[in-house]
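# What the coordinates show
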Amino acid sequence: MRIPALAPLTLLAIPAAHAQEQPDPARLKASVEKLVGFGTRHTLSVTDHPTRGIGAARRWFATELSRIGEACGGCIETANLARTFTNDRAPNGVEVVDVLGFQPGRNAKRVVIVMGHIDSRVTDPMNATSDAPGANDDASGVALVLEAARILSKEKFDATIVYAALSGEEQGLFGGQLLAETAKERGWTVSAVLNNDIVGNTIGQSGARVADRVRVFSEGIRQVESLDDQFARRAEGGEDDGPSRALAKAADDVAGKLSGGLDVVLVRRPDRFGRGGDHTPFLKLGYPAVRFTVGVENYDAQHQDLRTEGGRVYGDTVDRMDFGYLAKVTAINVATIRRLASAPAAPASVTIGGALASDTSVKWEPVPGASRYRVHWRRADAQDWQRHVDVTGSETVLKDVIVDDNFVGVSALAAGGSESLVTFGGRARH
Ligand SMILES: [Zn+2]
């Protein structure tokens with residue numbers, strides 16, 4: 001932030017948060033235009049052409065990440081993940097390649113993942129040759145990932161940040177599955193997965209402009225919950241407090257503190273009605289994962305052959321996008337990653353007690369690197385945490401909080417105050 005010559009003195013004390021670099025709409029636009037310039041990025045498109053097809057697009061993304069890594073003295077390492085997938089949208093098998101950038105934190109095995117999908121499509125999901133600009137779906141998400149890397153590469157974190165451009169989303173969420181299974185195989189502790197898919201338009205199908213909000217989709221009850229945990233949750237509550245819902249609430253909290261930020265609409269569904277995305281395979285493995293998508297979609301600009309019919313224009317083109325809006329969605333991602341990658345991991349489990357008593361007792365598993373813990377509670381008819389107390393150690397008693405009427409959760413805090421996700425107090429969490 002540049003300080004005007006005649007600024008009042010109070011403006012000179014700029015908090016660190018305000019001095020941090022902001023996402024740049026022009027740079028986001030340049031990234032989207034570059035991606036659109038590859039003609040099609042269909043998963044089955046040509047991979048060895050220098051300027052057309054998904055191969056060229058992936059190489060460009062890797063080069064951009066490497067360039068960002070060089071600018072921070074090698075703080076980002078790029079790597080490809082590849083596996084052949086076969087299904088009815090890839091009947092002859094296709095090598096799906098995810099392009100990743102790793103920004104190692106003090107903890108190499110704990111990760112915060114921010115991702116978009118680099119593949120695009122038109123009306124026929126098997127059409128790998130027609131121009132498929134995919135400006136919003138999902139060059140917007142990939143551009144956001146690069147912009148987040150540019151900003152966050154200038155900082156140091158406890159968790160490792162993974163910047164990901166996934167492939168094969170439109171053929172069957174292949175790239176998301178590949179990355180989620182890789183996380184499992186490599187034993188990563190996944191603190192958060194931020195999936196950004198269609199994050200750059202503000203004019204919806206009806207023509208109305210919605211520029212003041214972004215939807216964050218999350219599951220409340222974990223897909224992987226065991227039968228025992230289902231019974232425990234039925235007795236104890238926790239339908240609105242699974243790890244992915246806690247992540248959505250954290251993003252909402254972060255967005256509320258950004259000046260000029262967007263309102264987060266916390267949609268209490270894993271994805272849009274009847275649809276899925278690259279966060280879905282992460283949910284299948286029990287990781288906290290959410291989807292960011294624009295406040296209002298325009299279906300004429302999704303999965304459409306470029307054409308005009310009866311005066312109506314179809315196609316996912318750059319001119320339909322709003323890069324100031326995309327910059328704001330990027331800012332929410334950046335601030336959410338900054339918080340969660342700076343914080344310790346969330347407590348693995350929290351248990352509560354206090355039946356037939358006036359107080360609630362709370363215990364949790366200690367977290368390596370935590371300086372203290374924040375015990376949250378809320379009345380059982382509320383959805384947002386209402387009160388909290390910071391404590392050291394791994395247990396406390398909340399005086400005059402009746403366990404029947406309140407929900408409790410615990411987060412871990414770094415010495416600097418960064419807060420992890422809140423782990424719900426109850427057996428169904430772990
Ligand atoms: Zn998409």
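We now turn to the structure provided with this report. Keep in mind that this is a model prediction, so the values were computed, not measured. (Residues numbered from 1 in each chain as written. Predicted model: local features only at pLDDT ≥ 70, side-chain atom pairs only at ≥ 80, totals over all residues. Heavy atoms only, no water.)

### With respect to the packing of aromatic side chains
Counted only if it meets this: Pairing of aromatic side chains here covers Phe, Tyr and the six-membered ring of Trp, requires ring centres within 6.5 Å, and sorts the geometry by plane angle: under 30 degrees stacked, over 60 edge-to-face, intermediate tilted. Counting from the N terminus, the helices are the DSSP runs of H or I reaching at least four residues and the strands are the DSSP runs of E reaching at least two. Burial here depends on accessible area, computed with a 1.4 Å probe over protein chains only, as a share of the maximum for the residue type. Under 20% is buried, over 50% is exposed, and the range in between is partly exposed.
The final tally for this structure, using the stated rule, is six aromatic pairs. Ring geometry for F85 against F174: centres 4.6 Å apart, planes inclined by 20°, an arrangement best described as stacked. Of this pair, F85 sits in strand β1 (residues 77-87) while F174 sits in helix α6 (residues 174-185), placing them 89 residues apart in sequence. Accessibility assignment for this pair places F85 and F174 in one class, buried.

### Section: the coordination of the zinc ion
Note the cut-off: Metal sites are built from N, O and S donor atoms within 2.8 Å, or 3.2 Å for Na, K and Ca, and they leave out water, so they may look incomplete. Under this scheme a four-donor centre is tetrahedral when all angles range from 85 to 135 degrees, a four-donor centre is square planar and a six-donor centre octahedral when opposite donors are above 155 degrees with the rest from 65 to 115, and any other centre is irregular.
Here the zinc ion is held by the protein donor atoms H117 (NE2), D137 (OD), D197 (OD) and D197 (OD), which lie 2.0 to 2.5 Å from it. Coordination at the zinc ion is irregular: its four donor atoms span angles of 55 to 145° at the metal. Exposure remark for D197: the relative accessible area of 2% places this residue in the buried category.

### Some thoughts on the packing of helix α8 (residues 243-256) against helix α10 (residues 323-342)
Here is the rule we go by: Only the stretch in contact is used when a helix axis is fitted, and all axes are lines through C-alpha atoms; the angle between N-to-C directions ranges over 0 to 180 degrees. Throughout, the term roughly parallel applies to angles under 35 degrees, roughly antiparallel to angles over 145, roughly perpendicular to angles from 65 to 115, and oblique to all others. Take the far helix as the reference: if the near one is turned anticlockwise from it by less than a right angle, the crossing is left-handed, and if turned clockwise, right-handed. Throughout, a residue-residue contact means that at least one pair of heavy atoms, one from each residue, lies within 4.5 Å. Think of it as three bins: nonpolar holds Ala, Val, Leu, Ile, Met, Phe, Trp, Tyr, Cys and Pro, charged holds Asp, Glu, Lys and Arg, and polar takes everything else, Gly as well.
Where α8 meets α10, the axes come as close as 9 Å, and the angle between the chain directions of the two elements is 115°. In terms of orientation, α8 and α10 fall into the roughly perpendicular class. When you trace α8 past α10, the crossing you get is right-handed. Each of L247, A250, A251, D253, V254 and A255 in α8 lies in contact with α10, whose residues at this interface are I332, A335, T336, R339 and L340. Class assignment for the residues of the contact of α8 with α10 results in eight nonpolar, one polar and two charged.

### Remarks on α6
The test is simple: Here the expected span of a helix is defined as 1.5 Å times the quantity of residues minus one.
Taking 1.5 Å per residue, 12 residues should reach 16 Å; α6 reaches 16 Å between its end C-alpha atoms and fits that length. Residues of α6 that are buried: F174, G175, G176, L178, L179, A180, T182 and A183. Positive backbone phi, approximately 70°, marks G187, located one or two places after α6.

### Here's the deal with the nonpolar core
Filter applied, for reference: Nonpolar cores were defined as sets of buried Ala, Val, Leu, Ile, Met, Phe, Trp, Tyr and Cys residues, with membership established by side-chain atoms within 4.5 Å.
Core analysis: the largest hydrophobic core is formed by 65 residues, its most contacted members being F61, Y163 and F292. Considering each element in turn, this core owes the most residues, 11 residues, to helix α4 (residues 135-152). Judged by nonpolar contacts, the second largest core, of 25 residues, contains V94, M115, A183 and L283.

### Re the packing of helix α2 (residues 25-36) against α10
Viewed as axis vectors pointing N to C, α2 and α10 meet at an angle of 105°, and their least axial separation amounts to 8 Å. Considering the angle they form, α2 stands roughly perpendicular to α10. Between α2 and α10, the contacting residues are P25, L28, K29 and V32 on the first element and F323, G324, L326, A327 and T330 on the second.

### Examining unusual backbone geometry
Here D137 and D138 are connected by a cis peptide whose omega angle stands at 5°. Examined against the element boundaries, D138 turns out to sit in helix α4. Although it is not a glycine, L356 adopts a positive phi angle of roughly 60°. Its location among the elements puts L356 in the loop between β11 (350-353) and β12 (360-364). Among the residues examined, L356 registers a relative accessible area of 90% and is labelled exposed. The phi dihedral of D400 falls on the positive side, at around 60°, and the residue is not glycine. The residue D400 is located in the loop between β15 (395-398) and β16 (406-413) in this model.

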